[in-house]
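Architecture and fold: a report
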Amino acid sequence: MVAAPTAVVPMGVLLPDSILRNELIAVLAAFVAINTIVYVTLAVAKILPKLYLRDHLSARNRRSETRSIDPDAPI
């Protein structure tokens, strides 16, 4: 099998190279990158189950006896 020659693609395919190397475009690209990371983080955090701090603390505040009408109810 013969490998196909790779073509060299210039830096600016849609826009000229002078526009892509502009400082304003670099700032805009950095803003878009940070914004994307924030939204991905929020989306992943929304998918994960909620963690409650009270579940991981000691059970000092819990009642030792049930106050239910049913005396055999679990504590």
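Just so we're clear, the structure is a prediction, and the values are computed from it rather than from any experiment.

This part is about the overall build of the protein. Looking only at helices and strands, one finds three helices and zero strands in the protein. Helices (α) and strands (β) of the protein occur, in sequence order from the N terminus, as α-α-α. A total of 75 residues make up the protein; the buried ones form 1% of that total. In the structure as shown, the protein presents an accessible area of about 8000 Å², 66% of it carried by carbon and sulfur atoms.

It is worth spelling out a nonpolar patch on the surface at this point. Nonpolar side chains collect at one region of the surface, where Leu-14, Leu-15, Ile-19, Leu-20, Ile-25, Leu-28, Phe-31 and Val-32 lie side by side and expose about 760 Å² of accessible area between them. Elements with a contribution of two residues or more to the nonpolar patch: helix 1 (17-20) and helix 2 (23-47). If you tally residues by element for the nonpolar patch, the top one is helix 2, at four residues. You can see Leu-28 is positioned in helix 2.

With that settled, consider the confidence of the model for the protein. For the protein, the mean per-residue pLDDT works out to 80, and 72% of the residues sit at or above 70. For the protein, the element scoring lowest by mean pLDDT is helix 3 (residues 53-56), at 72; helix 2 scores highest, at 96.

Our focus in this paragraph is helix 2. In this model, helix 2 (25 residues) spans 37 Å end to end at C-alpha, consistent with the 36 Å of a helix rising 1.5 Å per residue. For helix 2, the N-terminal cap is Asn-22; the gap from its side-chain oxygen to the backbone nitrogen of Leu-24 is 3.4 Å.

What counts, and at which threshold
- Residues numbered from 1 in each chain as written.
- Predicted model: local features only at pLDDT ≥ 70, side-chain atom pairs only at ≥ 80, totals over all residues.
- Heavy atoms only, no water.
- Helix = DSSP H or I, 4+ residues; strand = E, 2+ residues; numbered from the N terminus.
- Buried < 20%, exposed > 50% of the residue type's maximum accessible area, 1.4 Å probe, protein only.
- Areas by Shrake-Rupley, 256 points an atom, 1.4 Å probe, with all protein chains shown as cover.
- Patch = residues over 30% accessible without salt bridge, like charges linked within 9 Å, V, L, I, M, F, W, Y side chains within 5 Å.
- Salt bridge = Lys/Arg side-chain N within 4 Å of Asp/Glu carboxyl O.
- pLDDT = per-residue confidence, 0-100.
- Expected span 1.5 Å × (residues − 1).
- Polar contact = N/O pair within 3.5 Å; in protein donor to acceptor, adjacent residues only side chain to side chain.

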